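Read off the chains here:
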Amino acid sequence: MLLAIDTSTTVTGLALYTADGPLAECTWESRRNHTAQLLPQLDLLLRHSGATRNDLRAIGVALGPGSWSGLRVGLSTAKGIALAAGLPLLGVSTLEALAYQQRGNSAPIFPVIRLGRERYASAEFRCRNQLERRGSDQNYTLADLAAVVHERTLFCGDLDASFREQLTRLTDGRALFPPPAANLRRPAYLAELAWQRFQTGAHDDLTTLEPIYLGEAVKAKG
């Protein structure tokens, strides 16, 4: 069984994945409470699934881009569990997991993570027979994102109403968006990508694996 942990943003997710596919997952709005909520929620997920930490065989973790503090909590938790139990650790790009969730779409896919200060992390993906990355992770403004749209393009991820309205206007309607429920970042897709790597015998180095930030830490107000 593989455990996947995603604390890339204020939306946190956990998933359990086996050879038969997803066993369980949970997603919730944790805001800045990753540290207080993550392990209790993991214990609850395991208990409801009839599993224990002894059943885990690998740990998958979202590497970002995303929130500085959130990513540190997720990666340190994943490393701690992996180290204590002697389990392989597999890091997965948050943008790749978001794009993988929308891979049935024939249009170019730009997953979006809000970095703060009106900046967004994104990268281009295409889906032919399988998901293909077409560029590295970039730190964009909204205008930068609009400038890369030359055809009908799917945007997914951190998309509030203002973002959708502005990008629709700036791209003359070429920006497409999933419905809200399909847009929710689901940790089971992250788990599936990590599981695919795990099945090949791949793993990452516990000491050198680091989050992907793309932006400076944003301090909370007040």
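Everything quoted here is computed from the prediction, not taken from an experiment.

### Here's the deal with the sheet that holds strand E2 (residues 11-18)
Sheets are built from strands paired through backbone hydrogen bonds, the pairs being either parallel or antiparallel. Read across the sheet, five strands follow the order E3-E2-E1-E4-E5 without closing on themselves; strand pairing throughout is mixed. Of all strands in the sheet, those with a lone pairing partner are strand E3 (21-29) and strand E5 (89-92), marking the two edges. In this sheet, adjacent strand axes meet at a mean angle of 15° when their direction is disregarded. In this structure, strand E1 (residues 2-6) lies alongside E2, joined through five bridges in antiparallel fashion.

### What about the packing of aromatic side chains?
All told, the structure shown has seven aromatic pairs when counted by the stated rule. Geometrically, the ring pair formed by Phe-155 and Phe-177 is tilted, given 6.4 Å between the ring centres and 40° between the ring planes. Of the two residues, Phe-155 sits in strand E11 (residues 153-157) while Phe-177 sits in the loop between strand E12 (175-176) and helix H6 (180-183), which places them 22 residues apart along the sequence. Taking the relative accessible area as the measure of exposure, Phe-155 reaches 0% and is therefore buried. The exposure class assigned to Phe-177 is partly exposed, which follows from its relative accessible area of 24%. Taking NZ or CZ as reference, Arg-103 lies 4.0 Å from the ring centre of Tyr-100, over its face.

### Considering the pairing of E3
Sheet topology places E2 next to E3; eight bridges connect them, and they run antiparallel. The residue of E3 that forms the bridge with Tyr-17 is Pro-22. Counting the residues in the hairpin turn of E2 and E3 gives two residues.

### Considering the pattern of salt bridges
Tallied over the full model, the rule gives 11 salt bridges. Taking the shortest distance from any N to any O, the salt bridge between Arg-134 and Glu-132 comes out at 3.5 Å. When its relative accessible area of 29% is taken as the criterion, Glu-132 is described as partly exposed. A cluster of three or more residues bridged by salt bridges with shared partners is formed by Glu-124, Arg-126 and Glu-151.

### Some thoughts on the state of the cysteines
According to the stated counting rule, one finds zero disulfides in the structure shown. You can see Cys-127 has no disulfide; the closest cysteine sulfur is in Cys-156, sitting 12 Å from it.

### Regarding the pairing of E1
Of all the five residues making up E1, five are buried; the element is thus mostly covered by neighbouring parts of the structure. The two faces of E1 match: Leu-2, Ala-4 and Asp-6 on one face and Leu-3 and Ile-5 on the other face are all buried. Where E1 folds back onto E2 in an antiparallel hairpin, the turn is made up of four residues. Direction of pairing for E1 relative to strand E4 (residues 58-62): parallel, over a ladder of four bridges. The residue bridging Ala-4 from the neighbouring strand is Gly-60, located in E4.

### What to know about the confidence of the model for the protein chain
Segments scoring low in pLDDT should not have their predicted coordinates read at a detailed level. On average, residues of the protein chain score 94 in pLDDT, and 96% of them are at 70 or above. Scored below 50 in pLDDT, residues 217-222 makes six contacts in the model with residues more than four places away or belonging to other chains.

### As for the nonpolar core
In terms of nonpolar packing, the biggest core is built from 25 residues, with Leu-3, Ile-5, Leu-14, Leu-56, Ile-59 and Val-61 touching the most fellow members. For this core, the secondary-structure elements that each account for two or more residues are E1, E2, E3, helix H1 (34-49), E4 and helix H2 (68-85). For Leu-14, the contacting residues outside a window of four places in its chain are Leu-3, Ala-4, Ile-5, Ala-24, Glu-25, Cys-26, Trp-28, Leu-38, Gln-41, Leu-42, Leu-45 and Pro-187. Core analysis: the next-biggest nonpolar cluster, separate from the first, contains 15 residues, Leu-2, Tyr-17, Ala-62 and Leu-193 among them.

Calculation notes
Residues numbered from 1 in each chain as written. Predicted model: local features only at pLDDT ≥ 70, side-chain atom pairs only at ≥ 80, totals over all residues. Heavy atoms only, no water. Pairing = 2+ DSSP bridges. Helix = DSSP H or I, 4+ residues; strand = E, 2+ residues; numbered from the N terminus. Axes fitted to C-alpha atoms, helices over the stretch in contact; angles between N-to-C directions. Phe/Tyr/Trp six-rings, centres within 6.5 Å; stacked < 30°, edge-to-face > 60°. Buried < 20%, exposed > 50% of the residue type's maximum accessible area, 1.4 Å probe, protein only. Lys NZ or Arg CZ within 6 Å of the ring centre and 35° of its normal. Salt bridge = Lys/Arg side-chain N within 4 Å of Asp/Glu carboxyl O. Disulfide = S-S within 2.5 Å. pLDDT = per-residue confidence, 0-100. Contact = heavy atoms within 4.5 Å. Core = buried A, V, L, I, M, F, W, Y, C linked by side-chain atoms within 4.5 Å.

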